[in-house]
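One-letter residues, chain by chain:
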Amino acid sequence: MTTIADRLANAQLRIAQAAQISSRNADEIQLLAVSKTKPNTDILAAYAAGQRRFGENYVQEGESKAKALQDSCPDIEWHFIGPLQSNKTKVIAAHFDWMHTVSREKIASRLNEQRPPELPALNICIQINISGEQSKSGTTPDELLSLAEKIALMPKLTLRGLMAIPTATSDKQLQRDEFQQLHHLYQELKRLYPQVDTLSMGMSNDLEQAIEQGSTMVRIGSAIFGEREKR
Ligand SMILES: *Cc1c(COP(=O)(O)O)cnc(C)c1O
């Protein structure tokens, strides 16, 4: 039987190999373990194997995990990577260290206002809708710079970079094009805001392609914790 520790080590190996192929330093690429729908015991198993960054998609679930593990694992860094309605921003502001899916000024300004004063600024990635499909969340590349400008002025937020969920496709060319466009946008943003250092793209099935195109944070769920039940 393979354990969570084995699968975590395997994911790290895949990252290291992908980095090597692109002549990149593996230290530039962070692994975010996506624990959505999985129990705290799974998070603890990954934690015991050295993992500290965890990603959650659902507000209530994320809040209850962060609270339950606060005392036993105080150094977990919690990343919110799911869709967020503006009436739920307070929970994220109070319990998370990173928020990857900001795509509207309204959400950003609520997070800024609701971030508790004793906590450091919330780290923000702007989600980009790279495929341009109406049904997908994220801001358009055209709107990116004006949103970034507003976020950069909010004292309780730190703009760290971009996040995207590209088209689910087996078309390698389309996949590469989307990752490349994201990398261009990222470089543009980085030139304007020196604190920007995060390009959050790549998941269990495409982490190699994402790293080849410049990803600095891959979000890995099923490859570490196993397949999820549909919900
Ligand atoms: C679920 C999820 C992941 C992880 O996906 P896997 O294919 O299980 O690695 C990554 N990013 C986001 C935004 C997700 O919702």
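Reading the values: the criteria
- Residues numbered from 1 in each chain as written.
- Predicted model: local features only at pLDDT ≥ 70, side-chain atom pairs only at ≥ 80, totals over all residues.
- Heavy atoms only, no water.
- Near = heavy atom within 4 Å.
- Polar contact = N/O pair within 3.5 Å; in protein donor to acceptor, adjacent residues only side chain to side chain.
- Areas by Shrake-Rupley, 256 points an atom, 1.4 Å probe, with all protein chains shown as cover.
- 1 Å grid on protein atoms, 1.4 Å probe; cavity = no way out; pocket = protein on both sides within 12 Å on 5 of 7 lines; lining within 4 Å.
- Sits in = over half its atoms within 2 Å of the grid points.
- Nonpolar A, V, L, I, M, F, W, Y, C, P; charged D, E, K, R; others polar.
- Phe/Tyr/Trp six-rings, centres within 6.5 Å; stacked < 30°, edge-to-face > 60°.
- Helix = DSSP H or I, 4+ residues; strand = E, 2+ residues; numbered from the N terminus.
- Buried < 20%, exposed > 50% of the residue type's maximum accessible area, 1.4 Å probe, protein only.
- Lys NZ or Arg CZ within 6 Å of the ring centre and 35° of its normal.
- Salt bridge = Lys/Arg side-chain N within 4 Å of Asp/Glu carboxyl O.
- Points joined across faces, edges and corners; volume = space filled by probe spheres on them.

J.: If you had to explain the site of the ligand to someone new, which residues and values would you point to?
T.: Taken together, 13 residues surround the ligand, and among them Lys36, Asn57, Ser204, Gly221 and Ser222 come closest. Residue lysine 36 places a side-chain N or O atom 2.7 Å away from an oxygen atom belonging to the ligand. Separating an oxygen atom of the ligand from a side-chain N or O atom of asparagine 57 is a distance of 2.7 Å. Burial of the ligand by the surrounding chains reaches 90%, relative to a free accessible area of 390 Å². The pocket occupied by the ligand, as judged from atoms lying within 2 Å of grid points, is the largest pocket. Considering only residue class, the shell around the ligand consists of six nonpolar, four polar and three charged.

J.: So what's going on with the packing of aromatic side chains? Which residues, and what values?
T.: According to the stated counting rule, one finds two aromatic pairs in the structure shown. Between phenylalanine 54 and tryptophan 78, the ring centres sit 6.1 Å apart and the planes meet at 45°, which makes this aromatic pair tilted. On the criterion of sequence distance, the pair formed by phenylalanine 54 in strand S2 (residues 53-56) and tryptophan 78 in strand S3 (residues 77-80) is long-range, its members being 24 residues apart. The class for phenylalanine 54 is buried, based on a relative accessible area of 0%. Residue class for tryptophan 78 comes out buried when judged on its relative accessible area of 5%. Centre to centre, the rings of phenylalanine 80 and phenylalanine 96 are 5.5 Å apart; their planes meet at 85°, and the pair counts as edge-to-face. Note that phenylalanine 80 is positioned in strand S3 and phenylalanine 96 in the loop between helix H4 (89-95) and strand S4 (98-102), a separation of 16 residues in sequence. For the pair formed by phenylalanine 80 and phenylalanine 96, the shared burial category is buried. The positively charged end of arginine 52 is found above the aromatic ring belonging to tyrosine 47, 3.6 Å away from the centroid.

J.: So what's going on with the pattern of salt bridges? Residues and values would help.
T.: For the coordinates displayed, the defined rule picks out eleven salt bridges. Linking glutamate 61 and lysine 65 is a salt bridge whose minimum nitrogen-to-oxygen distance equals 2.6 Å. On the criterion of helical spacing, the pair formed by glutamate 61 and lysine 65 is a turn pair, its members being four residues apart in helix H3 (residues 59-69). Lysine 65 matches glutamate 61 in its accessibility class, with the two residues each being buried.

J.: Requested: an account of the layout of surface pockets, with residues and values cited.
T.: Leftover empty space is mapped by rolling, across the atoms, a probe with the size of a water molecule. Of the pockets and cavities examined, the largest pocket occupies roughly 940 Å³. Lining the largest pocket are 33 residues, and of these Lys36, Asn57, Ile165, Met203 and Arg228 sit closest to its centre. If you list the elements that add at least two residues to the lining of the largest pocket, you get helix H7 (172-192) and strand S8 (217-220). Split by residue class, the lining of the largest pocket holds ten nonpolar, 14 polar and nine charged.

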